[in-house]
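As a plain string of letters, each chain reads:
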Amino acid sequence: MSGPTVLITGATGFVGRRLAPALSAAGFTVRCASRHPGRAQRQAPERTWTRFELDAPESFAPALAGCRAVVYLVHGMGGA
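Thresholds, definitions, all that
Residue numbers run consecutively from 1 along every chain, following the written order of its sequence. The predicted nature of this model means local features are confined to residues of pLDDT at least 70 and side-chain atom pairs, given and counted, to a pLDDT of 80 or more, with totals for whole chains, interfaces and linings taken over all residues. Side-chain measures were taken over the full set of non-hydrogen atoms in the model, leaving aside hydrogen atoms and water. Secondary structure elements are defined from DSSP: runs of H or I of at least 4 residues count as helices, runs of E of at least 2 residues count as strands, and each element is numbered from the N terminus. Note on disulfides: each one is a pair of cysteine sulfur atoms within 2.5 Å. Aromatic rings from Phe, Tyr and Trp, taking only the six-membered ring of Trp, are treated as a pair when their centres fall within 6.5 Å; an angle between ring planes under 30 degrees marks them as stacked, one over 60 as edge-to-face, and anything in between as tilted. Three labels apply to residues, based on accessible area from a 1.4 Å probe with only protein chains included: buried if under 20% of the type maximum, exposed if over 50%, partly exposed otherwise in between. Two conditions define a charge located above a ring, namely a distance within 6 Å from the ring centre to NZ of Lys or CZ of Arg, and an angle within 35 degrees of the ring normal.

(A) Representation of the environment of arginine 47 in the model. As for its placement among the helices and strands, arginine 47 is situated in the loop between helix H2 (37-43) and strand E3 (48-51). Along the sequence, arginine 47 and alanine 11 sit 36 residues apart, while their C-alpha atoms lie 10.0 Å from each other.

Here you go:
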């Protein structure tokens, strides 16, 4: 039996790459979010990927569907 689903935004980053296996080991069902889920899937095929893009609000509901919690690790990359 799988535990509650947790969405990790920023799952391709330094923290997210390490958090996903730790949450899985703790019994959570982990869904990883990326702007480019296809590319992320090729790099980490053992994970479940979904599209989540801050500039595309229509991506929010599908990514969050069924999640009990979200770990938000996204940060701005643009200049001021």
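(B) Expanded view of the state of the cysteines. For the structure shown, the criterion picks out zero disulfides. Its sulfur unpaired, cysteine 32 is 11 Å from the next cysteine sulfur, which belongs to cysteine 67.

(C) Structural context of the packing of aromatic side chains. Tallied over the entire structure, the rule returns one aromatic pair. A centroid spacing of 5.1 Å and a plane angle of 25° characterise the contact between phenylalanine 52 and phenylalanine 60, whose relative ring orientation is stacked. Judged by its relative accessible area of 11%, phenylalanine 52 falls in the buried class. What makes phenylalanine 60 partly exposed here is its relative accessible area of 27%. We note arginine 18 situated over the ring of phenylalanine 14; from NZ or CZ to the ring centre the distance is 3.9 Å.

In short, shape yes, function no, at least from these values alone.
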